[in-house]
Every structure is written in C-alpha cells, then in structure tokens.
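Coordinate analysis (summary)
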Amino acid sequence: MSTSTPAATPAVVLSGITKRFPGVVANSDVHLTVRAGEVHALCGENGAGKSTLMKILYGMQQPDEGTIEVDGKPVRFRSPADAIKAGIGMVHQHFMLADNLTVQENVVLGAESLHGIGGKARKVIQGLAESTGLTVDPGVLVERLGVADRQRVEILKVLYRGAKVIILDEPTAVLVPQEVDELFATLRGMQEQGFTFLFISHKLDEVRAIADSVTVIRRGTTVGTADPKTVSSRQLAEMMVGSELPSPETRESTVTDKVVLLVENLGLVAEEGTRPVLDGIDLVVRSGEVVGIAGVEGNGQTELVETIMGMRKAHHGRVLLGDRDLTKLGTLARREAGIGYVPEDRHRQGLLLTQPLWANRILGYQTRTPVSKGQWLDLPGAKKDTQRIVDEFDVRTPGIDVPAAALSGGNQQKLVVGRELSGDPVLLIASHPTRGVDVGAQALIWDEIKRARARGLAVLLISADLDELIGLSDTIKVMLRGRLVADADPSTVTPEDLGSAMTGAGATSPAVEAVPGAEVEGE
Amino acid sequence: MGILRGKLLPPALAILFSALLCGVALVVSGANPAEAFGAMVSQVGEGTTAVDIINSTGTYYIAALAVAIGFQMNLFNIGVEGQYRVAAVVAAVFGGSFALPPGLHALAIILVAALVGALWAAIPAILKVTRGVNEVISTIMMNGLALGLAAYLIREDVFGELRGNNIRTPEIHESGWVPGISFGASGTVFGLVFLAAALGIGYWVMMNRTRFGFELKASGESSTAAAAGGVSAKKMVLIAMLLSGGIAGLVSMPEILGRDHTYNLNFPAGIGFSGIAIALLGRNHPGGIAFGALLWAFLDKSGLALDNVGVPREIVTIMQGAIVLSVVVAYEVVRRFELAAEQRRVGKELGTVAA
C-alpha cells in the first residue's frame with residue numbers, strides 16, 4: 001500500500017456542505033478531506049446522505065452552503081461536465097452501459113471530441129485498459145462481458161475522460177467475493193499510478209480491507225474520520241449507527257403465549273439467479289411481543305418483510321397469521337387479515353406524494369371501513385379518520401387536503417404509522433420506522449408502538465438503529481446473508497455485541513446465542 | 001387556493017403561445033394571421049360547421065377517454081385506433097345481419113362494439129401481463145392488424161357488398177338506428193353524442209368515487225406504493241386495458257348508428273391518435289378532455305375555411321401539435337412551481353419553514 005505524503009495538497013476538500021430538500025436536510029455541515037493518492041472510504045447506512053454528498057461532488061446537485069476544493073483550488077460544479085473537467089469521475093452502482101455497443105463505443109460515447117471515435121481512440125483505450133485490468137478487445141460487444149468486466153469498462157470510461165479522482169458507488173454490491181479481490185487488486189495498482197479513490201460502502205470488512213482512511217456519515221452529517229488499521233469493525237458500526245437514544249428503559253414484559261405470526265422455513269431465490277436471498281427462515285411473533293431483526297443492510301431484511309407481506313413470492317415455506325395460512329394470498333388479503341405495514345421507504349412505498357393526506361389514508365385500506373364501502377370509497381369517512389390520525393399522532397399540517405409531499409419527513413412518517421395502526425391490526429411490520437425523522441417524531445412513534453404492544457399487538461421491527469432495536473424489542477434476531485443466525489436478549493446485549501454478530505464475527509457475548517444449525521461461513 | 005391558477009392557467013398560456021407560434025408560421029409563409037384566424041372563427045356560423053363540430057367533439061371525446069383510462073396508470077394504449085376500427089366493422093356486420101326491436105337492436109350493436117374493442121385490447125393486455133411485452137409496441141402492431149382485418153371483413157366474398165364505387169357492410173336495419181336532433185339545414189346532432197357525455201360522467205365517478213379508480217390512480221402515481229398498499233399491478237393492467245379497449249370500441253358508434261348505418265371505405269381514420277393528443281391536452285380530466293375535444297373539432301372543421309383565404313389548411317396540424325407540446329411543457333412548469341409553493345406555505349403556516 002502506498003504511503004501518502006501528508007504535506008501534499010489534498011485531492012478533494014469538502015467543507016461545510018449543506019443540502020436541503022423540501023422537508024429534509026440531506027446533508028448538514030459535512031466535512032471531508034481526501035488526500036491525493038489514497039483510497040478514502042465513505043461509510044454510512046442507507047439514507048445517511050452518502051449519495052447526496054457524492055452527487056454534489058460530481059456536480060449533479062448544487063450544495064446550498066459550503067465549498068468544494070479540488071487540488072487546493074475552490075471550484076463550483078454546475079453539472080457533471082464541470083466535475084469531469086476538474087478530473088473527478090464517478091462509477092455508478094448501476095452500470096450505465098449500452099449492451100448493444102462495443103467496449104470502445106461505450107467508452108467514447110459522449111466524449112467523441114477527445115480522441116475521435118476511430119483508431120486514435122482505440123489506442124488510448126488500450127493504453128488505459130491495462131491499468132484497469134481489462135483484457136478484452138475494445139471491439140467486443142458489452143453484452144458479452146461479465147459483471148466484473150463491465151465494471152472495468154465503467155472505470156475505463158472515467159479514466160478516458162481524464163479523471164484522477166474516482167468515486168466508486170458501492171462497487172462491490174454486484175460482485176462475488178473473488179471479483180471483489182480482483183477489484184481491490186486493480187484499485188491498489190491504480191493507486192500506485194497516482195489515482196485517488198472515494199469508495200462508498202456500508203460493508204465494513206471491505207472498507208477495512210481496502211481503505212487508507214474512513215469517514216463515517218450519519219443522519220446527513222460526518223461523524224468523524226478513522227484509520228481502518230486501528231479501528232475495529234465494531235467501533236465503525238457504532239459510529240455509523242450512533243447512540244442517540246436514552247438507555248433502553250426497563251419495563252414489564254407484555255409477551256403472551258398467543259402466536260400471531262408464524263414463519264416456517266421461508267425461502268426466496270433472487271430474481272436474476274439462483275442465489276438464495278432468504279434461506280430457511282423460522283420466526284415466531286407472539287401477541288404483545290416486539291421481535292427485532294438486526295443486521296447490516298442488504299442481508300435479506302427487505303426481502304423478508306416483502307415476502308411476509310406477499311409482495312414477493314416465497315420459493316418455499318409458509319407464513320401463518322394466527323391459524324390462517326397466508327402463503328398463497330396477495331398483499332391486500334394479508335393486509336385485510338390484520339397486518340399493518342410501515343414500509344422502509346415512505347416516499348416510494350408508503351405514500352402517494354401528490355395526493356392529499358386523506359387519499360393517503362385510503363391506500364392499503366381501500367376495501368375496508370371507515371374509508372371504503374365495498375367498491376365505493378367513503379370520502380367523508382376517509383377525511384374524518386384522517387383528521388383523527390392528524391390529531392392523535394400530532395401530524396403537523398395545515399389541513400388534510402395538502403399533498404403528502406408538502407409535509408416534513410417526520411410528519412409523513414407519523415401519518416403512515418397512524419394509518420397502519422388503524423383498523424385494529426394484530427401484527428405490525430415496521431421497517432426502519434424512525435429513519436430520517438426528527439427526534440420528536442421518533443419519540444412519538446416509539447411511544448405509539450409501545451402502547452400498541454401493551455394492547456396485545458405483535459410487532460416485527462426491522463431497524464438499522466441498534467439502540468432502537470434494543471430499546472423496543474422483547475427478542476432480537478440477527479440476520480446475516482439471508483438467514484437468522486443468532487438470537488440476542490435485549491435486556492443484556494450491547495450494541496457492540498450485536499454489531500459483531502451482524503458482521504458475522506461470531507458470538508462473543510453470552511447475550512448473543514448462535515442459532516443451532518445456522519452455520520456462518522467464516523471470513 | 002390556486003386551483004384556478006394550477007388547472008386553468010397552463011392550458012390558457014399554452015393555447016395563447018401556440019396561437020402566437022402559428023401566427024409566426026403564417027407570417028413567414030406570407031399570409032395574414034388575423035385574416036386566417038378570422039376566417040376560422042366565422043366558419044363556425046357557416047352551413048353545418050357548428051353541428052359538425054359538436055358531432056366530431058363527441059367522437060374525439062370517447063377516443064380521448066379511452067386513452068385517458070390507460071394514462072391514469074401510465075399505460076399507453078396507442079391501440080385505440082385499431083380497437084375502434086375492428087369494433088366498428090364487427091358491430092356493423094353484426095347489426096346488419098338481422099333485426100331486433102328498436103332500441104334493443106341499437107343497444108345490442110353498442111354492446112358488441114364495446115366487447116370487440118375490449119377483446120382486441122385484451123391481446124396486448126395479456127401479452128403484457130404474462131410475458132412483459134411493452135403495450136406501446138404491441139398496440140401499434142395491433143393497429144396494423146386491425147387495418148388488414150377490417151379490409152378483409154368487408155370484402156365482397158366475406159361480409160361486404162359493392163355499392164357504386166364503395167365497398168361497405170350490409171346496411172343496418174332501421175331498428176338499429178339512433179335518431180339525432182335535427183337543426184334543419186344546419187345538420188343533425190348525433191343522438192349518441194349524449195353517450196359520450198354519459199361516459200364522461202361515468203369516468204369522473206369512477207376515478208373519484210370508486211375503489212377501482214383509486215387503485216388506478218395509485219398505480220399511476222407510484223407503482224411501488226400501490227404494491228405495498230395491496231394493489232395488484234397485473235390485475236390493474238388487465239382491467240384498465242380492457243376498459244380502455246371497450247370504450248375505444250364505442251368511438252365510431254355515433255357516426256355508424258346516427259348517419260352511415262354501415263362501415264364503408266370512407267371510414268374516418270386517425271381518431272385514436274387524436275385521442276392521445278386530446279387526453280394529454282385535457283390532463284386526463286373529464287372536463288379538460290371535453291374542452292380539448294371541442295378545440296380539436298373546431299380546428300378540424302373550421303380549418304376548411306383556410307383554403308378560402310389562400311392559406312394551406314395543414315397549418316391546423318401545426319397548431320394542434322404546438323398546442324399539445326406547449327400544454328405538456330406548461331403543466332410541468334406550473335406543477336413544479338405549485339409543489340414548491342405548497343411546501344413553503346405548509347412550512348410557513350407551521351412556523352417551521354421546511355428546514
């Protein structure tokens with residue numbers, strides 16, 4: 001690994017970057033210094049603000065406040081073209097390649113003025129291809145290439161445009177472990193040639209393997225920068241997740257022995273292949289119980305929830321609500337059976353943003369009173385019940401006729417939680433119920449979940465916020481690579497114990513108990 | 001609260017802007033815009049033009065409603081053109097082959113037309129739901145097939161008959177005719193123009209008062225939120241497409257049952273495509289579509305007067321294109337502006353200007 005000279009001018013300095021979107025602050029006072037020639041990792045949970053920050057650096061969005069310096073000179077990027085001119089390139093997580101064009105055509109596309117589109121361009125590409133480890137002929141169609149080679153073509157594209165600082169957005173998400181190793185070897189080789197990398201990831205082990213320094217971002221702001229050689233995965237996880245909650249209050253258990261949700265041997269295979277996304281999931285949630293699922297994001301939590309909700313079709317296994325087998329039912333029938341669902345992304349899945357609040361009250365309940373009478377909507381009923389939610393859940397809004405998009409994130413989420421606790425559900429599935437909301441809304445949502453639990457509601461809670469999980473759950477299960485690998489007792493477990501179980505480092509604490517039969521492949 | 005500004009300002013601006021654009025086009029081609037527009041307006045009072053405009057509005061209105069149902073959930077039924085043509089031939093053959101009591105006969109023909117339109121639309125719908133075939137492609141191809149099928153069905157050795165130099169289906173017996181409202185020399189308004197109005201009211205009720213309409217709108221606004229809310233995307237595609245096709249099947253009914261009583265070689269073409277433009281113009285709103293259909297019909301019929309003042313009537317096509325384009329742009333601009341204004345307003349009312 002090359003040692004960078006501390007005295008040299010940093011390649012990129014972001015200072016005081018703030019970006020507001022209507023109702024949310026995506027980035028707030030972000031500071032980031034990337035030294036020339038290093039691999040700098042940017043870590044944070046989904047929704048922490050990594051993407052917005054990178055879009056700002058790449059000129060796709062303009063910051064409201066703050067400055068960007070490249071090689072010591074202040075710059076203002078109005079478009080990605082400006083960023084490219086300053087030597088910054090971005091490799092997107094989702095490849096932006098035309099399958100039906102050749103490697104050369106893909107690389108040259110949009111940059112024809114640099115070296116033309118003929119032999120000269122070809123020579124430049126061949127010269128650059130070596131450093132990316134791409135061995136195929138530039139005349140080969142991209143559709144013939146595998147995922148790893150496509151990624152190399154993406155890197156080649158930014159090199160061709162003269163990038164010296166390369167942003168890699170979750171580059172390993174699409175790669176198998178061997179390909180990840182090859183990518184890292186390529187990055188080290190390029191690093192020696194003087195390239196600088198900004199590596200975005202939430203996979204801590206990978207970050208520790210490749211990065212020279214790590215900056216952690218949480219809730220839109222940078223928490224700190226660490227040296228991956230001295231910091232542990234646990235410490236990093238703690239920085240990412242934060243400890244903003246009061247210590248979990250002790251309270252009496254309301255768990256009964258009445259089983260509400262029973263999931264048996266649930267399995268799901270990825271759409272694009274045969275890789276199991278969910279494997280042999282067994283889960284029981286009882287009346288009055290909150291079962292928390294801990295796990296680093298992308299280990300199957302989303303899929304588990306969507307399979308239980310019937311939005312994805314299980315490959316095998318059963319889902320029962322009480323005595324009723326839901327396995328073959330659709331999402332609406334499962335909702336009607338008594339499941340409330342707070343989706344992880346309220347903008348994409350929870351709300352109809354341009355519709356008024358009362359129309360959002362109907363979503364998911366379009367067949368039930370008080371918002372509907374059979375095939376007909378009950379508008380007065382819907383409006384009345386929306387007003388009730390607004391009052392009971394303290395949704396700050398001038399009225400129920402404003403579009404949902406006009407509310408702040410916390411108020412939107414209070415509306416969603418209020419809706420999903422309406423209609424007497426027996427089970428609530430809450431995915432990241434307090435993500436991206438302000439502290440006040442967070443406290444209210446927690447209180448409502450606790451109150452509903454005391455009334456006998458069964459809750460399946462998925463959260464990346466370990467303190468939230470420990471504070472609310474009666475039982476915690478750890479999810480890793482599509483399996484439930486360990487159980488933890490929230491009354492004794494610490495976020496550190498959970499963190500190490502989540503990364504597969506193995507159970508180190510008596511509070512975390514490996515699930516028998518769930519082998520964890522070592523790393 | 002800005003409803004007027006949000007809903008009416010954009011089309012008004014757009015029409016003004018496109019009139020300006022056409023004025024420029026007229027000046028460039030050496031004509032006097034004032035004279036041309038004047039001729040178009042005064043044409044409305046001439047002969048049967050006013051009645052023609054109303055009849056044409058009804059036809060366009062039905063076509064645009066058919067398109068709008070699909071648009072509500074981002075489903076592009078480009079196949080209205082083929083659906084109404086096949087429905088017209090089959091319904092005309094059906095109606096001409098026997099007689100039923102008056103009223104019942106016409107009703108039967110209308111139902112057959114709707115059914116055939118729906119069936120013709122069912123093919124792309126099923127392809128989309130089962131195989132993921134893009135409905136734009138398949139409905140366009142179905143339009144080509146419809147043209148061929150209609151030509152085949154009216155061959156003399158199939159169902160057609162030769163009259164003068166025109167080939168047509170056998171004439172529908174008088175019991176299947178739908179009487180119109182006669183204005184003497186000014187023409188006769190088709191009775192089924194009222195069917196168009198009834199469809200518009202039904203469409204409004206469906207979109208605003210029924211569960212199906214809500215699910216349709218939800219699917220169009222956010223397919224992911226609809227899925228999480230228990231709306232089955234496949235079911236919605238199927239029903240919306242069948243409904244769209246069914247209404248498309250009715251497009252030619254006012255003309256066939258009110259005037260022609262047969263399907264012949266002079267059958268009007270292109271109404272389905274105009275329907276797409278009108279649905280865009282009317283923003284899928286029944287009132288907006290009615291206005292769009294009226295405007296379209298006016299431009300079509302009074303454009304005939306342009307020849308009299310030495311202006312090529314093709315300028316009307318330019319005008320129609322310019323209107324649609326500017327309306328789409330104007331709505332988008334106003335929509336973004338409104339949303340930002342709304343957020344500011346909510347922030348202000350709560351005293352916490354959205355951070």
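The notes below deal with the structure included here. Sequence order as written defines residue numbering, which begins from 1 separately in each chain. Whichever chain is written first is A, and whichever ligand is written first is 1; the rest continue in order. Predicted model: local features are reported for residues with pLDDT of at least 70 only, side-chain atom pairs are reported and counted for 80 or more only, and whole-chain, interface and lining totals are derived from all residues. The basis for the side-chain values is all heavy atoms of the structure; hydrogens and waters are excluded.

1. So, the packing of aromatic side chains
Centre distance and the angle of the planes are the two values used to describe a pair of aromatic rings. So the rule is basically this: Under the pairing criterion, centres of Phe, Tyr and Trp rings, with the six-membered ring standing for Trp, must be within 6.5 Å; the plane angle then separates stacked pairs below 30 degrees from edge-to-face pairs above 60, leaving the rest tilted. Both a distance and an angle decide whether a charge sits over a ring: NZ of Lys or CZ of Arg must be within 6 Å of the ring centre and within 35 degrees of the ring normal.
What the rule picks out here adds up to 5 aromatic pairs over all chains. For the ring pair Phe94(B) and Phe98(B), a centre distance of 5.1 Å and an interplane angle of 85° mean the geometry is edge-to-face. Feature note: the residues Tyr84(B), Tyr263(B) and Phe267(B) constitute an aromatic cluster, connected by ring pairs. Sitting over the face of the ring of Trp358(A), Lys383(A) holds its NZ or CZ atom 4.8 Å from the ring centroid. A cation sits over an aromatic face here: Arg283(B) above Tyr331(B), 4.4 Å from the ring centre.

2. A word on the sheet that holds strand β21 (residues 475–480) of chain A
Residue and element names in this part refer to chain A. Rules: Each pair of strands is called paired provided DSSP finds at least two bridges between the two strands. We count a stretch as a helix when DSSP gives it H or I for four or more residues in a row; a strand needs E for two or more, and each element gets its number in order from the N terminus. For helices, the axis comes from a line fit to the C-alpha atoms of the stretch in contact; other axes are also lines fit to C-alpha atoms, and the angle between any two N-to-C directions lies between 0 and 180 degrees. Note on contacts: a residue pair qualifies if any of its non-hydrogen atoms lie within 4.5 Å across the two residues.
Read across the open sheet, the 7 strands follow the order β16-β19-β20-β13-β21-β22-β23; overall the sheet is mixed. Because the sheet does not close on itself, it has two edges, and the strands there are β16 (339–342) and β23 (512–514). Here the average twist between neighbouring strands, direction ignored, is 25°. Bridge count between strand β13 (residues 290–294) and strand β20 (residues 458–462): 4 bridges; the pairing is parallel. Bridged to Val-290 within β20 is Val-459. Contacts from helix α15 (residues 409–420) reach β16 and β19 (427–431) within the one sheet, and its direction differs from that of β16 by about 170°.

3. Here we look at the pattern of salt bridges
The condition that has to hold: We define a salt bridge as a side-chain nitrogen of Lys or Arg found within 4 Å of a carboxyl oxygen belonging to Asp or Glu. The rule is simple: take the accessible area with a 1.4 Å probe, protein chains only, and divide by the maximum for that residue type; under 20% is buried, over 50% is exposed, in between is partly exposed.
Within the structure shown, the criterion is met by 28 salt bridges over all chains. Two residues, Lys128(B) and Glu135(B), come together in a salt bridge whose shortest N-O distance is 2.9 Å. Taking the relative accessible area as the measure of exposure, Glu135(B) reaches 4% and is therefore buried. For Arg168(B), the salt bridge is made with Glu161(B), and the minimal N-O distance between the two is 3.4 Å. Given the relative accessible area of 22%, Glu161(B) is considered partly exposed. By sharing partners, the salt bridges in this structure join Arg361(A), Asp385(A), Arg388(A) and Glu392(A) into a single network.

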